[in-house]
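Analysis of the macromolecular model
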Amino acid sequence: MLPSSLTRDAFIALFGPVYEASPWVAEAVWPAVERRQLDDPEELTQAMRAAVDAAPRALRLALIRAHPQLAVASRMALASVVEQRGAGLDRCSPDELADFERLNAAYLARFDHPFIVAVKGLSRQDILAAFAARLHNDPEAEFATAIAQIHRIAAFRLAALFTPG
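Let me begin by describing the structure that accompanies this report. (Residues numbered from 1 in each chain as written. Predicted model: local features only at pLDDT ≥ 70, side-chain atom pairs only at ≥ 80, totals over all residues. Heavy atoms only, no water.)

Examining the overall build of the chain
Helix and strand counts for the chain stand at eight helices and zero strands. Ordering the α and β elements of the chain from the N terminus gives α-α-α-α-α-α-α-α. Residue pairs in contact within the chain that sit at least 24 positions apart in sequence constitute 69% of those at least 6 positions apart. For the chain, the accessible area works out to roughly 8,500 Å², and carbon and sulfur atoms hold 57% of it. (Helix = DSSP H or I, 4+ residues; strand = E, 2+ residues; numbered from the N terminus. Contact = heavy atoms within 4.5 Å. Areas by Shrake-Rupley, 256 points an atom, 1.4 Å probe, with all protein chains shown as cover.)

Given below as structure tokens:
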């Protein structure tokens, strides 16, 4: 499937969810897609990344805040549900769930946005360790780390869209 073979609406419907609840990213790259400049998966990935990086800070903060809290969110995009399930976050022990709840609350209080980590390939213990370690970052470093993790998540999602079956 070539992105340029899609209509604008079909492209936004398919690629809009790559960046959690932020179809503006797909909308930003549509003109280049329409010109057949982003049919290569890596080029599309880089263009979407560049659109995020060029966005005003307030829009990037809204992108961070669009992500669900780990292990305790009741409403989240299907991709997030699948990703969290893949990391076993739907099978937390009562103690692990209590740890996630405590860390989510502390992180949100400190940074005013949810903790973001690309969970693919990580265990619950890996995620909890990263959570605890990053809680001590300064706000600017953590903002940058959250955006970097969002780019990792998006790259995984894009790769899945281009991988048949």
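Re the packing of helix α2 (residues 24-34) against helix α3 (residues 41-54)
In a pair of packed helices, the angle between the axes and the distance between the axes together describe the arrangement. Orientation of α2 relative to α3, taken along the N-to-C sense of each, is 125 degrees, at an axis distance of 9 Å. Of the possible angle classes, the one that applies to α2 and α3 is oblique. The crossing of α2 and α3 is right-handed. The residues of α3 that touch α2, namely those facing Trp24, Val25, Ala26, Ala28, Val29 and Val33, are Leu44, Ala47, Met48, Ala51 and Val52. (Axes fitted to C-alpha atoms, helices over the stretch in contact; angles between N-to-C directions. Parallel < 35°, antiparallel > 145°, perpendicular 65-115°, else oblique. Left-handed = near helix turned anticlockwise from the far one by under 90°.)

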